[in-house]
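If you want the building blocks of each chain, they are given just below.
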Amino acid sequence: MTESEFIDYWYKEYPESFPINHELKGVYPNRWFRIHSLPESKRYADSAEEYKIMLDRQNQLINDLIGKESEVAISFGLYSNDITNDNYKELTDFGEFLKVLTIDLHKERPEEYEDEMYFDIYVKTEKWEDGKRNEILRAIADDEIRAMIVSPTENCVIAPYDGGVDVIVNSTEKRDRLKTKYKDWLSDRQDGR
């Protein structure tokens, strides 16, 4: 999958939503589940040992969902008040990402967003390797950035956040099997959050 094919794939597989990670659990509740990255639902790691637990859990989950050496699209979005050049590339500590879409949020959701509010989607495709993206997972866990991992092969979205990982899979049955497998990492809350 090239960066430009990401949007075609997204709208084919997730037509009811934009590629905005925090919105997915509300749009696909029957395919969504969440794990917590630390025991007892602790939100932030305070030690090297806790970071190791967090990264081990997240890598195990991702490897389970998509396999090792699978092609993925890593995507993140930035809010802005102006439209930037369509060919704009965002250089980050995690490499170069190509802008693939700008969403006019006010036009799409006028009741939620002010006039001239945009969301730029950036994507980078690469092979997932166990433990090779710990720096980005750690930055997400520390609430420094937000990003998601999309696997077209396994048709799932993996959206780490500061505290855990939201996952959207392709069926309720698969979600239920994974929730059983990872029952010790799930939230105790009734709504699963």
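Look a little higher up for the structure.
Cut-offs applied
- Residues numbered from 1 in each chain as written.
- Predicted model: local features only at pLDDT ≥ 70, side-chain atom pairs only at ≥ 80, totals over all residues.
- Heavy atoms only, no water.
- Axes fitted to C-alpha atoms, helices over the stretch in contact; angles between N-to-C directions.
- Helix = DSSP H or I, 4+ residues; strand = E, 2+ residues; numbered from the N terminus.
- Parallel < 35°, antiparallel > 145°, perpendicular 65-115°, else oblique.
- Left-handed = near helix turned anticlockwise from the far one by under 90°.
- Contact = heavy atoms within 4.5 Å.
- Nonpolar A, V, L, I, M, F, W, Y, C, P; charged D, E, K, R; others polar.
- 1 Å grid on protein atoms, 1.4 Å probe; cavity = no way out; pocket = protein on both sides within 12 Å on 5 of 7 lines; lining within 4 Å.
- Points joined across faces, edges and corners; volume = space filled by probe spheres on them.
- Core = buried A, V, L, I, M, F, W, Y, C linked by side-chain atoms within 4.5 Å.
- Buried < 20%, exposed > 50% of the residue type's maximum accessible area, 1.4 Å probe, protein only.
- Arc of directions from axis to C-beta.
- Polar contact = N/O pair within 3.5 Å; in protein donor to acceptor, adjacent residues only side chain to side chain.

Where helix α3 (residues 48-66) meets helix α5 (residues 134-141), the closest approach of the two axes is 11 Å, and the angle between their N-to-C directions is 115°. In this view, α3 runs roughly perpendicular relative to α5, as classed from their interaxial angle. Read as a crossing pair, α3 and α5 show a hand that is right-handed. Residues Tyr51, Met54, Leu55, Gln58, Asn59 and Ile62 of α3 form the contact with α5, whose own contacting residues are Asn134, Leu137, Arg138 and Ala141. For the contact of α3 with α5, the class distribution of residues is six nonpolar, three polar and one charged.

Right, let's talk about empty space enclosed by the protein for a bit. According to the stated counting rule, one finds one cavity of 30 Å³ or more in the structure shown. Taken as a whole, the largest cavity spans an internal volume of roughly 30 Å³. What lines the largest cavity is Asn21, Leu24, Lys25, Trp32, Val157, Ala159, Asp166, Val167 and Ile168. Here the lining of the largest cavity gets three residues from one element, more than from any other, and that element is strand β8 (residues 164-168). By residue class, the composition of the lining of the largest cavity is six nonpolar, one polar and two charged.

Ile35, Leu61, Leu65, Ile66 and Ile158 are the most contacted members of the largest nonpolar core, which totals 34 residues. If you list the elements that add at least two residues to this core, you get β1 (32-36), α3, β2 (71-80), α5, β7 (156-161) and β8. Counting residues per element, this core draws most heavily on α3, at seven residues. Beyond its immediate chain neighbours, meaning those up to four positions away, Leu61 contacts Phe33, Ile35, Val165, Val167 and Tyr182. With 24 residues, the next largest nonpolar core counts Leu24, Ala73, Val150 and Val157 among its residues.

Our next topic: the environment of Glu173. Structurally, Glu173 is set in helix α6 (residues 172-181). A relative accessible area of 52% means that Glu173 is categorised as exposed.

When α6 is considered as a whole, its buried residues turn out to be Lys174, Arg175 and Leu178. Projected onto a plane normal to the axis of α6, the buried residues spread over an arc of 100° and lie on a single side. Across from the buried face of α6, at angles greater than 90 degrees, the exposed residues are Glu173, Arg177 and Thr180. Among the structural elements, β1 and α3 are those in contact with the buried residues of α6.

Turning our attention to the side chain of Arg133. Tracing the chain through its elements places Arg133 in the loop between β5 (118-127) and α5. Given a relative accessible area of 10%, Arg133 falls into the buried group. Reaching out from Arg133, the side chain makes a polar contact with the side chain of Glu126 at a distance of 2.7 Å. Dropping the residues within four chain positions of it, Arg133 is found in contact with Ile74, Phe94, Lys124, Glu126 and Trp128.

Here we come to the side chain of Ser37. If you trace the backbone, Ser37 turns up in the loop between β1 and α3. A relative accessible area of 3% means that Ser37 is categorised as buried. Side chain to side chain, Ser37 and Gln58 meet in a polar contact 2.8 Å long. Excluding residues that lie within four positions of it along the chain, Ser37 makes contacts with Ile53, Met54, Arg57, Gln58, Gly163, Gly164 and Val165.

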